[in-house]
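Read off the chains here:
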Amino acid sequence: MSSTASLDGSYEDSLVNEKSDLVSTQQYKDQSLQWIDKYASDMVENSNYTEPKHVVKAFVELGLDRQSRILDILAGSGVVAELLRPCGYTNIDAVDASKDMLALSNKKQLYKKFYVSLLGGQHKAPVQDETYDAIIASGTFAPGHLNSDAFGDLIRIAKPGAIITWSMRSDYGPSSPKFVNFDAEVEDLVKNGVWRHHVPRRTIESYLLGSDGYIYTMKKI
């Protein structure tokens, strides 16, 4: 992938240097978003897989502190972190059920800490309560992966005021019983004062394989 070299330092260093020269926060954000698009273009040329760029762009647009402690959910080989790091977000941990996938991302030195764990249902992440400033997930809410029964644990490990954001396909409701009431369960937690919509749910056209997608950005109360 042509952007790999920049992930090893050249692009990330250039952003940091420009920021130290009093580049505005908005300029820095704009540069980050442009880089995400470039990286995703390279990805699509190689694998037709650009799903993570949508949630990472939405995350960067929030303008959170670059020192925020972030957890990447079902991080896999680390694509989300590969997109976040050149944007200045390097304080990232990862959780995934696959040791092999985490070993692959570890070779890239993308994360500070790794957790090997299943999530949702009866499973509880091996993370202390109120640890993270932000939690991010790309495509993890899907049949055979996570569903709304993981919300409670994600909220548990998020600090008060933390952002919890994820992207997913919009068409799972009709095709999977576990997703029929997904939005209702998101809203139940809003009504109960557990979290709120930090920004309205966003629809992404042609998100993945011809299907539209959603980006949810919640804030723990």
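See the structure above.
Residues numbered from 1 in each chain as written. Predicted model: local features only at pLDDT ≥ 70, side-chain atom pairs only at ≥ 80, totals over all residues. Heavy atoms only, no water.

## Quick word on the overall build of the chain
As a reminder of what qualifies: Under the scheme used here, helices are H or I runs from DSSP no shorter than 4 residues and strands are E runs no shorter than 2 residues, and both carry numbers assigned from the N terminus. Exposed residues in this analysis have more than 50% of their type's maximum accessible area, buried residues have under 20%, and partly exposed residues fall in between, with area computed by a 1.4 Å probe over protein chains only. We call two residues in contact whenever any of their non-hydrogen atoms come within 4.5 Å of each other. Working definition of accessibility: Shrake-Rupley area with a 1.4 Å probe, residue cover restricted to the visible protein chains.
Across its full length, the chain holds nine helices and seven strands. With 221 residues in all, the chain has 51% of them scored as buried. The contacts in the chain between residues at least 6 apart in sequence include a share of 67% that link residues at least 24 apart. On the chain, roughly 10,600 Å² of surface is accessible, and the fraction owed to carbon and sulfur atoms is 47%.

## Brief notes about the pattern of salt bridges
We apply this condition: Salt bridge, as applied in this entry: a Lys or Arg side-chain nitrogen positioned within 4 Å of an Asp or Glu carboxyl oxygen.
Across all of its chains, the model carries eight salt bridges by this definition. In this structure, D129 and R156 form a salt bridge, with 2.7 Å as the shortest nitrogen-oxygen distance. Taken together, the residues span a long stretch of sequence, with D129 in the loop between β3 (113-116) and β4 (132-138) and R156 in helix α7 (residues 151-157) at a distance of 27 residues. Classification of R156 as buried rests on a relative accessible area of 16%. The residue R169 makes a salt bridge to D171 at a minimum N-O spacing of 2.9 Å. You can call R169 buried: its relative accessible area is 19%.

## Observations concerning the packing of aromatic side chains
For clarity, the threshold we go by: Ring pairs shown here join Phe, Tyr and Trp side chains whose ring centres sit within 6.5 Å, with only the six-membered ring taken for Trp; geometry is labelled stacked below 30 degrees between planes, edge-to-face above 60, and tilted in between.
For the structure on display, the rule yields 15 aromatic pairs. Taken together, a centroid distance of 5.2 Å and an interplanar angle of 75° make the contact between F59 and Y89 edge-to-face. Taken together, the residues span a long stretch of sequence, with F59 in helix α4 (residues 51-61) and Y89 in the loop between α5 (79-84) and β2 (92-96) at a distance of 30 residues. By relative accessible area, which is 0% here, Y89 ends up buried.

## Some remarks on the side chain of R66
Short version of the rule: Counted charges follow a simple rule, with Lys and Arg positive, Asp and Glu negative, and His plus the chain ends left uncounted. Between N or O atoms, a polar contact is any pair within 3.5 Å; within protein, one atom must be a potential hydrogen donor and the other a potential acceptor, and residues adjacent in sequence are included only when both atoms are from side chains.
Locating R66 in the fold gives a position in the loop between α4 and β1 (70-73). There is no salt bridge for the buried R66, and the closest opposite charge comes from D65, which lies 7.5 Å off by N-O distance. A distance of 2.6 Å separates the side chain of R66 from the backbone oxygen of C87, its partner in a polar contact.

## Things to note about the sheet that holds β3
To be explicit about the condition: Being paired, for any two strands, means DSSP has found at least two bridges between them. Throughout, an axis means a line fitted to C-alpha atoms (over the contacting stretch in the case of helices), and angles, computed between N-to-C directions, take values from 0 to 180 degrees.
The mixed open sheet is built from seven strands, whose spatial order is β3-β2-β1-β4-β5-β7-β6. Edge positions in the open sheet fall to β3 and β6 (195-208), since each of these has one partner strand only. Ignoring which end each strand starts from, the neighbouring axes of this sheet average 15° apart. As judged from the four bridges shared by β2 and β3, these two strands associate in the parallel manner.

## As for unusual backbone geometry
Positive phi values are uncommon outside glycine, yet Q109 reaches one of about 55°. In this structure, L209 is a non-glycine residue whose phi angle is positive, near 50°. Note that L209 resides in the loop between β6 and β7 (211-220).

## Brief notes about a negative patch on the surface
The following threshold applies: For patches, a residue must show more than 30% relative accessible area and have no salt bridge; joins then use 9 Å for like charges and 5 Å for nonpolar side chains, namely Val, Leu, Ile, Met, Phe, Trp and Tyr. The atoms used to mark charge sites are NZ of Lys, CZ of Arg, CG of Asp and CD of Glu.
Negative charge collects at one region of the surface, where D149, E185, E187 and D188 lie side by side. Here E185 is to be found in helix α9 (residues 182-191). On the basis of relative accessibility, which here comes to 31%, the residue E185 falls in the partly exposed class.

## Concerning the environment of D72
With respect to the helices and strands, D72 occurs in strand β1. The sequence separation of D72 and F114 amounts to 42 residues, and the corresponding C-alpha distance is 9.7 Å. For D72, the contacting residues outside a window of four places in its chain are V80, A81, I92, D93, A94, V95, Y111 and I136. Side chain to side chain, D72 and Y111 meet in a polar contact 2.5 Å long.

## With respect to the side chain of D93
Within the secondary structure, D93 is located in strand β2. The class of D93 is buried, set by a relative accessible area of 1%. At 3.1 Å, the side chain of D93 and the side chain of R69 are in polar contact.

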